[in-house]
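# Coordinates in review
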Amino acid sequence: VAITTRLLVSHLSGIRHYEKDITKVKEEKEKANRALKLTKPYQDKEQKEKEGKGIEKTDSVKPRKEHEGEVKSRISKPGRRDKEFEQEEYYLKEKFESVIESLKIFKNDPLFFKPGSQFLYSTYGFTLLSAVVERVSGQKFTDYMLKMFHDLDMLSTVLDDNEAMIYNRARCYVYNKKGRLVNAPYVDNSYKWAGGGFLSSVGDLLKFGNALLYSYQAGQFKNTNGKLLPGYLKADTVAMMWTPVPKTEVSWDRDGKYAMAWAVVEKKQQCGCCRQQRHYASHTGGAVGASSVLLILPEELGSEAIDTGLVAPPRGVIVSIICNMQSVSLNSTALKIAREFDKEKWAQ
């Protein structure tokens, strides 16, 4: 078989996640599919009732398990434990000196399926991707990323290094079996820098979102007389990153598909005066003792704004949430916040 970087970045490589037993993975997927089929009629009924009453339905997504073991907050109970975080490899304490060295964790394990045939979220797929970046760039992956964060003015984004003294580093918490709040256990994330090994702040994530949104929209504006600086990435590159990939799925939003390291919901409205689906990109994060989300809702730019150059990118709403608590679902909350700000803007 052949595994490409595109397959890795869209989680179609067949490389395992934390669970080593393919049978258990299939069982969990079947349970999730059955749950979705059971809840869909109820969601459709609820949607029609809302529309019939003239009430805008902002989020009809039924809670489902997040990729890193998140649980929707409205069904979560204190002390509820997610099976995802029962995997031993979440709690590795071994320090790896390089990305290449950390490949030994999974490099001899069989693929779960033929690359390109199925979707399976895999942190280790991103570990392999970071090894590719390391070889191509000719420098350590961590150095490569820190240089990029510096370019983006993300000065609070650093390696989650246990030994280093990091100013304003937050403590992380989990609920134990008795439902009591306790300190998160010690882990060393050097085995998965690319898939969950950085510390950041809400402000830095907003800068990251703005840089991507600017890059995405900059190529659309005309008559700027050279006053508009180029984006950090090419507009076509971001558009490619935010284009849904076939055979993928997104556990935290049933309307979405996975793209390239982003979950994407496309613009869609089947009938007049019916539910309108806005285009947005997002990604959640879950780790031992922490949860996060970054959501980008681009403004739908009209031809007049693009042609006249009276407005400049980035145009849209960006929501970033980070909490030092494990297994907190944040995507639906972020989407509601984004819609409220978007609604307020158009009301002015």
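All of these numbers come straight from a predicted model, not from anything done at the bench. (Residues numbered from 1 in each chain as written. Predicted model: local features only at pLDDT ≥ 70, side-chain atom pairs only at ≥ 80, totals over all residues. Heavy atoms only, no water.)

## Focus on the overall build of the chain
Along the chain, the regular secondary structure elements total 10 helices and 9 strands. Out of the 348 residues belonging to the chain, those deemed buried represent 42%. Pairs at least 24 apart in sequence give 67% of the contacts found in the chain among residues at least 6 apart. (Helix = DSSP H or I, 4+ residues; strand = E, 2+ residues; numbered from the N terminus. Buried < 20%, exposed > 50% of the residue type's maximum accessible area, 1.4 Å probe, protein only. Contact = heavy atoms within 4.5 Å.)

## Topic: helix α7 (residues 202-218)
Taking 1.5 Å per residue as the helical rise, α7 with its 17 residues ought to reach 24 Å, and the 24 Å between its terminal C-alpha atoms agrees with that figure. When α7 is considered as a whole, its buried residues turn out to be Asp204, Leu205, Gly209, Leu212, Leu213, Tyr214, Ser215, Tyr216, Gln217 and Ala218. Looking at the packing, one finds that the buried side of α7 touches α8 (235-241), β8 (290-298) and β9 (316-323). (Expected span 1.5 Å × (residues − 1).)

## Observations regarding helix α5 (residues 141-151)
In an α-helix, one turn spans 3.6 residues; hence positions three or four apart end up facing the same way. Along α5, the residues classified as buried are Phe141, Thr142, Met145 and Phe149. Projected down its long axis, α5 carries its buried residues within an arc of 95°, all on one side. Those residues of α5 that are buried are in contact with α3 (99-102), α4 (123-137), β1 (158-159), α6 (193-196) and β4 (198-199). Two residues or fewer past α5, Asp153 is found with a positive phi of approximately 65°. (Arc of directions from axis to C-beta.)

## Let's talk about the nonpolar core
The biggest cluster of nonpolar side chains holds 40 residues, and the ones touching the most others in it are Tyr124, Leu212, Trp242, Trp262 and Ile296. Structurally, this core is a two-domain feature, drawing no fewer than three residues from each of domain 1 (1-34 + 80-178 + 188-199) and domain 2 (206-347). Apart from residues lying up to four places away in sequence, Ile296 is in contact with Gly209, Leu212, Leu213, Trp242, Trp262, Tyr280, Ala281, Val317 and Ile318. Val317, Met325, Leu330 and Ala338 belong to the second-largest nonpolar core, a separate cluster that totals 14 residues. (Core = buried A, V, L, I, M, F, W, Y, C linked by side-chain atoms within 4.5 Å. Domains from an automatic or database assignment.)

## Concerning unusual backbone geometry
Most peptide bonds are trans, and most residues other than glycine sit at a negative phi. Omega for the bond connecting Pro313 with Pro314 falls within 30 degrees of zero, at 0°, which places this linkage in the cis form. When you line up the elements, Pro314 lands in the loop between α9 (303-308) and β9. Positioned with a positive phi, His11 is a non-glycine residue whose angle comes to about 60°. Take His11: it is sitting in the loop between α1 (5-9) and α2 (22-52). Positive phi outside glycine occurs at Ser327, with the angle close to 60°. With respect to the helices and strands, the residue Ser327 is situated in the loop between β9 and α10 (331-347). Residue class for Ser327 comes out buried when judged on its relative accessible area of 13%.

## A few points about empty space enclosed by the protein
If you walk through the whole model with that rule in mind, you get 2 cavities of 30 Å³ or more. In this model, the second largest cavity occupies a volume close to 30 Å³. Lining the second largest cavity are Val99, Ser102, Thr127, Ser130, Ser190, Tyr191, Lys192, Trp193 and Ala194. Of all elements in the fold, only α3, α4 and α6 reach the threshold of two or more residues within the lining of the second largest cavity. Considered class by class, the residues forming the lining of the second largest cavity number 4 nonpolar, 4 polar and 1 charged. (1 Å grid on protein atoms, 1.4 Å probe; cavity = no way out; pocket = protein on both sides within 12 Å on 5 of 7 lines; lining within 4 Å. Points joined across faces, edges and corners; volume = space filled by probe spheres on them. Nonpolar A, V, L, I, M, F, W, Y, C, P; charged D, E, K, R; others polar.)

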